[in-house]
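What follows is the residue order along each chain.
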Amino acid sequence: MTTPVVTLREITAETVRAICELEPHEAQSGFVAPNAVSIAQAHFNPAAVFRAIYADEAPVGFIMWRPGDDGASCFLWRFMIDGRHQGKGYGREAIALWLNGLPALGYRLAQLSYLPGDAGPHGFYLVQGFRDTGEQRANGERLMELVL
Ligand SMILES: CC(C)(COP(=O)(O)OP(=O)(O)OC[C@H]1O[C@@H](n2cnc3c(N)ncnc32)[C@H](O)[C@@H]1OP(=O)(O)O)[C@@H](O)C(=O)NCCC(=O)NCCS
């Protein structure tokens, strides 16, 4: 069996419902907003970019980002892989696709925030090369960054 090819694709009228139905495991639901909420928020932020994550022709996840305030950084706003598709390397591939595209757009730094917790994504982001900045937001989210 060949390894599925991971791509980031624009969401269309035909695919939006399938993307909204993608969900993390129940224990992870506190770590990321539902995709329907993210897509709605993106429509009120002209700088937001969102894509569906596909493994071959199967929708498996969602990613959304926006420019940082300084123009040189890009902020990972939302990121998830459906629970049924986790542990197959799709998250790693999707983050790599996002990161690899950033320098050509003029970004020099990738940033994100996460909520600490047992089923949370901190360990995943460490494996992908992000480092903790030590900063914490009022809502408890902690910041990480990766120099591109
Ligand atoms: C975090 C998430 C996107 C990872 O996706 P995934 O497709 O399961 O990850 P992968 O299979 O690509 O894993 C890549 C590597 O990270 C490791 N990894 C995955 N999740 C991990 C975790 N929570 N802690 C530590 N390591 C983790 C894997 O073991 C793998 O390691 P390897 O390269 O040594 O084999 C997924 O668990 C998810 O959607 N979580 C819920 C939503 C969420 O928390 N989003 C982030 C909001 S800030």
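Above: the structure in question.
These numbers were taken from a predicted model, which means no experiment stands behind them.

Draft legend 1. Just the site of the ligand, in detail. The environment of the ligand is formed by 21 residues, the closest being Phe79, Ile81, Gly89, Gly91 and Arg92. A distance of 2.8 Å separates an oxygen atom of the ligand from a polar atom in the backbone of Ile81. Bound to the protein, the ligand loses 72% of the 930 Å² it would expose on its own. Elements with a minimum of two residues in the shell around the ligand: strand E4 (73-81), helix H3 (90-101) and helix H4 (122-127). Its residues assigned to classes, the shell around the ligand comprises 10 nonpolar, nine polar and two charged.

Draft legend 2. Just the sheet that holds strand E7 (residues 142-147), in detail. The strand order across the open sheet built from seven strands is E1-E2-E3-E4-E5-E7-E6, with neighbouring strands paired in mixed fashion. With one partner strand each, in any of the chains shown, strand E1 (6-9) and strand E6 (131-136) form the two edges of the open sheet. The average angle at which neighbouring strand axes cross in this sheet is 30°, direction not considered. When E6 meets E7, the two strands line up antiparallel, connected through three bridges. By the bridge assignment for E7, Gln136 is matched with Arg142. Across the sheet, helix H2 (residues 35-42) lies against strand E2 (49-55), strand E3 (58-67) and E4, angled at about 35° from E3, the strand it touches most. Sheet contacts for H3: E1, E2, E3, E4, strand E5 (109-114) and E7; angle to E4, the most-contacted strand, approximately 160°.

Draft legend 3. Local environment of the nonpolar core. The biggest cluster of nonpolar side chains holds 24 residues, and the ones touching the most others in it are Ile53, Leu76, Phe79, Trp98, Leu99, Tyr125 and Phe130. Of all the secondary structure elements, the ones that give two or more residues to this core are E2, E3, E4, H3, E5 and E7. With five residues, the top contributor of residues to this core is H3. Setting aside its immediate chain neighbours within four residues, Leu99 contacts Ala110, Phe130, Leu146 and Leu148. Ile11, Ile19, Ala42 and Phe75 belong to the second largest nonpolar core, which has 16 residues in total.

Draft legend 4. Looking closely at H2. Taken together, the buried positions of H2 are Asn35, Ser38, Ile39 and Ala42. Taken end-on, H2 shows its buried residues confined to a sector of 95°, consistent with a single buried face. The inward-facing, buried residues of H2 abut helix H1 (16-20), E2, E3 and E4.

Draft legend 5. Structural context of the environment of Asp82. Tracing the backbone through its elements, the reader meets Asp82 in the loop between E4 and H3. Setting aside chain neighbours within four positions, we find Asp82 in contact with Glu21, Leu22, Glu23, Val60 and Gly61. Engagement of the side chain of Asp82 in a polar contact is seen with the backbone nitrogen of Glu23, the distance being 2.8 Å.

Draft legend 6. Looking closely at the packing of aromatic side chains. Overall, the coordinates contain five aromatic pairs when judged by the stated rule. Note on Phe50 and Phe62: the rings are 6.3 Å apart at their centroids and 35° apart in plane angle, and the pair reads as tilted. Of this pair, Phe50 sits in strand E2 while Phe62 sits in strand E3; the two residues are 12 residues apart in sequence, bridging distant segments of the chain. Through successive ring pairs, a cluster of aromatic residues spans Phe79, Phe124, Tyr125 and Phe130. Of note, Arg9 hangs over the ring of Tyr54, and the distance from its end group to the ring centre comes to 4.4 Å. Positioned over the ring face of Trp77 is Arg66, at 4.5 Å from the centre of the ring.

Basis of the calculations
- Along each chain, numbering runs from 1 in the same order as the chain's sequence is written.
- Reporting of local features is limited, given that this is a predicted model, to residues whose pLDDT is at least 70; pairs of side-chain atoms are given and counted only at 80 or more, and all residues count toward the totals for whole chains, interfaces and linings.
- Excluding hydrogens and water, the side-chain values take into account all heavy atoms of the structure.
- Nearness is judged by heavy atoms alone; a residue qualifies as near a molecule or strand once a single heavy atom is within 4 Å of it.
- Each polar contact in these results corresponds to two N or O atoms within 3.5 Å; when the atoms are within protein, one needs to be able to donate a hydrogen and the other to accept it, and residues that are neighboring in sequence are counted only if both atoms are side-chain atoms.
- Areas reported here follow the Shrake-Rupley algorithm with a probe of radius 1.4 Å; residue values treat only the protein chains shown as occluding.
- Secondary structure elements follow DSSP: runs of H or I of four or more residues count as helices, runs of E of two or more count as strands, with numbering from the N terminus.
- Ten residue types, Ala, Val, Leu, Ile, Met, Phe, Trp, Tyr, Cys and Pro, are classed as nonpolar, four, Asp, Glu, Lys and Arg, as charged, and the remainder, Gly among them, as polar.
- A pair of strands counts as paired when DSSP detects no fewer than two bridges linking them.
- Each axis is a line fitted through C-alpha atoms, and for a helix only the stretch in contact is used; angles between axes span 0 to 180 degrees, taken between their N-to-C directions.
- In what follows, residue pairs with any heavy atoms lying within 4.5 Å of each other are defined as contacts.
- Definition of nonpolar core: a set of buried residues of the types Ala, Val, Leu, Ile, Met, Phe, Trp, Tyr and Cys, connected through side-chain atoms within 4.5 Å.
- Remark: exposure states derive from per-residue accessible area (1.4 Å probe, protein chains only) relative to the maximum for the residue type, with buried under 20%, exposed over 50%, and partly exposed in between.
- Starting at the helix axis, one direction is taken to each C-beta atom, and the arc is that of these directions.
- The pairing test for Phe, Tyr and Trp rings, Trp by its six-membered ring, is centres within 6.5 Å, and the orientation test on the planes gives stacked under 30 degrees, edge-to-face over 60, and tilted for anything in between.
- Either the NZ atom of lysine or the CZ atom of arginine qualifies as a charge over a ring when it sits within 6 Å of the ring centre and within 35 degrees of the ring normal.

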